[in-house]
Amino acid sequence: MYRVNTAKLAVDEGADERPRGVNEVTRTIIVRSASLARRTFRTFVELEGMYRNMVEQLVLHAVNNNINKFTRLRAERYRDVRSLYPQLPSHYAYTACQDAAERAHSFLRLRKMGRARKAYPEVRSVSIWLDDHLWRAEGLTSISLATHRGRLRVSIELNRHFLRYVNRGWRLASEAKVKLDRRERRLIFYITFKKEVSEYRPKGYITVDVNENAEAVLIDDVVYLFETDLSRVTLGYYYRRKRVQEKYDRIYGPGSRPARRVFRRLGGNERALKREIRWKLAALIAREAARRQAAIVLERLGREPANHMIEHIKDPQLRHRVFQAAFKGIQKAIEEKARGHGVPVIYVNPKNTSRVCPIHGAEIVYGKDRHGTCSKGGETWHRDVVACYNLLLRALGGDGGVAPSRLRAFVAVDGGPVPLGPTAAHEPAGVPRALWARWRSLRPIMNEQMIEVKA
Ligand SMILES: [Zn+2]
């Protein structure tokens, strides 16, 4: 079997001349306090009430005056909210300004895009923002908080995650958040760890082409197609919600409470499932890239849905959701995981990546499915394979533009009907989600060839 020697291509001089950066990586973990005495917990309920009130007032002011920056909001309103509750440590007024500025910022952006449903953002769930004056970790077993009744110390449940980050040299960030769990009378802390990770100089490339329901990944010389089914998940929940709505509207009238409750649950399930799919696969890809000291190559996506990707979806809201889940969200997850491993991520121009033959530079004519024929060589291509190879070529070009095809220089085109030599893998190796979701690394396909490559 003849395959393109991508390893040879990748060590090419000048392939990647970007300066290597140092990234600050952050991870947030959840730590729970032990169940608190009623009296103690009441103090935190009071604290939350005051904090919520400050945030509500600040958000109102920010939205009314089109303020989306913390510095301006603080300059205009800090004194006023500070004097509302003189018994409260002053830093709460400060973090409330940060909290409110962020809420106002995302609300104003939504409103600008015409996607805000209300005149003002609702301050529904509150987590109290803390800075280094307001909280302190005391050893590994307790946290102390500044309150209007003095400093209170709560003991925390020992947490494997927490210990792991401490042991691996991450440092504790000064900012944290705390939420009240009223049912169990506990505090839930969101604690952030930070670490500096420097990017390595890549010795090769892994290219990732994302489509609605799968991620095609070119590693060495094989394209693996990892099924994600993300758009099917989105559409599935969309239709379920629609059915629920019709049923509840018939029984309770439009916009009823029980319907909203079901919606919230469905929405939560949908988000959790998509998140899990994206992060799991991103972690597998980033880990494999780190093992090979390779860079990850991605298409540069625009802000709004690329038309050709999801042109069959007419409903604009649904298009937005499919785009976020299946394209943007995947890229974000890959970026994030890559940063954690010091893997460089390179973006290239996505124009025509699946339309031009990587060998002949001629247009590929597609039929109904994802298979097409090169208009010059007459060979058959799978769309995702084409995209992966073109992303590689553009990364090698270095400018993210349309690069001269170096692949052509390395591949002895024998004029046969199949690209990249007589029996090369022009068909991706499909990996169902049920399979990769159980893996901890990509070694099963790398070493044991569990997946048969169709030739
Ligand atoms: Zn061709």
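Here the structure is a predicted model, which means the values were calculated and not measured.

1. Observations concerning the overall build of the protein chain
A tally of regular secondary structure across the protein chain gives twelve helices and 16 strands. The proportion of buried residues among the 455 residues of the protein chain is 48%. The contacts of the protein chain with a sequence gap of at least 6 include a subset with a gap of at least 24, amounting to 70%. Carbon and sulfur atoms make up 48% of the accessible area of the protein chain, which totals about 23700 Å².

2. Remarks on the packing of aromatic side chains
All told, the structure shown has eight aromatic pairs when counted by the stated rule. Between the aromatic rings of F70 and Y94, the centroid separation amounts to 5.3 Å while the plane-to-plane angle is 80°, which identifies the pairing as edge-to-face. On the criterion of sequence distance, the pair formed by F70 in helix α3 (residues 70-84) and Y94 in helix α4 (residues 91-112) is long-range, its members being 24 residues apart. A relative accessible area of 27% places Y94 in the partly exposed class. Among the aromatic residues, those joined into a ring-pair cluster are F162, Y165, W170 and F193. Over the ring of Y366 we find R383, and its NZ or CZ is 4.4 Å from the ring centre.

3. A look at the sheet that holds strand β6 (residues 171-181)
An order of β1-β7-β6-β2 is seen for the four strands of this open sheet, with the pairing classed as antiparallel. Two strands close off the open sheet at either side, each with one partner strand: β1 (22-32) and β2 (128-130). Adjacent strand axes in the sheet meet at a mean angle of 20° when their direction is disregarded. Across eleven bridges, the pairing between β1 and strand β7 (residues 186-198) is antiparallel. In the strand pairing of β7, V31 is matched with F189. Helix α8 (residues 316-341) contacts β1 and β7 of the sheet and is inclined by roughly 105° relative to β1.

4. Some words on the side chain of E427
With respect to the helices and strands, E427 occurs in the loop between α10 (406-410) and β16 (429-431). Here H371 takes part through its side chain, which lies 2.9 Å from a polar atom of the side chain of E427.

5. Looking at the coordination of the zinc ion
At the metal site, the zinc ion is ligated by C357 (SG), H360 (ND1), C374 (SG) and E379 (OE), and these contacts range over 1.9 to 2.3 Å. Geometry at the zinc ion is tetrahedral, judged from its four donor atoms and the angles of 98 to 114° they form at the metal. Site description for the zinc ion: donor spacing in sequence, C-x2-H-x13-C-x4-E. With H360 in the loop between β12 (345-348) and β13 (364-366) and C374 in strand β14 (residues 371-374), this residue pair connects regions lying 14 residues apart in the sequence.

6. Thoughts on the sheet that holds strand β5 (residues 150-155)
Within a sheet, neighbouring strands are paired by backbone hydrogen bonds and run either parallel or antiparallel to one another. Strands sit in the order β3-β4-β5 across an open sheet of three strands; the sheet is antiparallel. Each end of this open sheet is capped by a strand with a single partner; those strands are β3 (135-138) and β5. Each neighbouring strand pair of the sheet contributes to a mean axis angle of 25°, computed without reference to strand direction.

7. Details of the pattern of salt bridges
Scanning all chains against the criterion turns up 26 salt bridges. Here E184 and R186 are joined by a salt bridge, their closest N and O atoms 2.9 Å apart. Connected through salt bridges with shared partners, the residues E24, R171, E175, K194 and E196 form a single ionic network.

8. Here's the deal with the nonpolar core
Core analysis: the biggest nonpolar cluster contains 53 residues, and L187 and F189 have the highest contact counts within it. It is helix α2 (residues 38-64) that contributes the most residues to this core, eleven residues altogether. Ignoring anything within four residues of it in the chain, the contact list for F189 reads I29, I30, V31, S33, I143, L145, V154, I156, K177 and V178.

9. A closer look at the pairing of β3
In terms of strand pairing, β3 meets strand β4 (residues 142-147) through four bridges, oriented antiparallel. Its bridge partner being in β4, W135 is matched across the sheet by L145.

10. Description of a nonpolar patch on the surface
A cluster of nonpolar residues, L140, L158 and V166, forms a patch on the protein surface that exposes about 250 Å² of accessible area. Residue position: V166 is located in helix α5 (residues 160-167). Under the relative-accessibility criterion, V166 is labelled partly exposed at 34%.

11. What to know about the pairing of β6
With three bridges joining them, β2 and β6 adopt antiparallel strand pairing. In the sheet register, L130 faces β6, and the bridge partner there is A176. Examined bridge by bridge, β6 and β7 share eight bridges and lie antiparallel to one another. Looking at the pairing, D181 lines up with R186 of β7. What sits between β6 and β7 in their antiparallel hairpin is a turn of four residues, with R185 showing a positive phi close to 50°.

Cut-offs and rules
- Residues numbered from 1 in each chain as written.
- Predicted model: local features only at pLDDT ≥ 70, side-chain atom pairs only at ≥ 80, totals over all residues.
- Heavy atoms only, no water.
- Helix = DSSP H or I, 4+ residues; strand = E, 2+ residues; numbered from the N terminus.
- Buried < 20%, exposed > 50% of the residue type's maximum accessible area, 1.4 Å probe, protein only.
- Contact = heavy atoms within 4.5 Å.
- Areas by Shrake-Rupley, 256 points an atom, 1.4 Å probe, with all protein chains shown as cover.
- Phe/Tyr/Trp six-rings, centres within 6.5 Å; stacked < 30°, edge-to-face > 60°.
- Lys NZ or Arg CZ within 6 Å of the ring centre and 35° of its normal.
- Pairing = 2+ DSSP bridges.
- Axes fitted to C-alpha atoms, helices over the stretch in contact; angles between N-to-C directions.
- Polar contact = N/O pair within 3.5 Å; in protein donor to acceptor, adjacent residues only side chain to side chain.
- Donors = N, O, S within 2.8 Å, 3.2 Å for Na, K, Ca; no water.
- Tetrahedral: all angles 85-135°; square planar, octahedral: opposite > 155°, others 65-115°.
- Salt bridge = Lys/Arg side-chain N within 4 Å of Asp/Glu carboxyl O.
- Core = buried A, V, L, I, M, F, W, Y, C linked by side-chain atoms within 4.5 Å.
- Patch = residues over 30% accessible without salt bridge, like charges linked within 9 Å, V, L, I, M, F, W, Y side chains within 5 Å.

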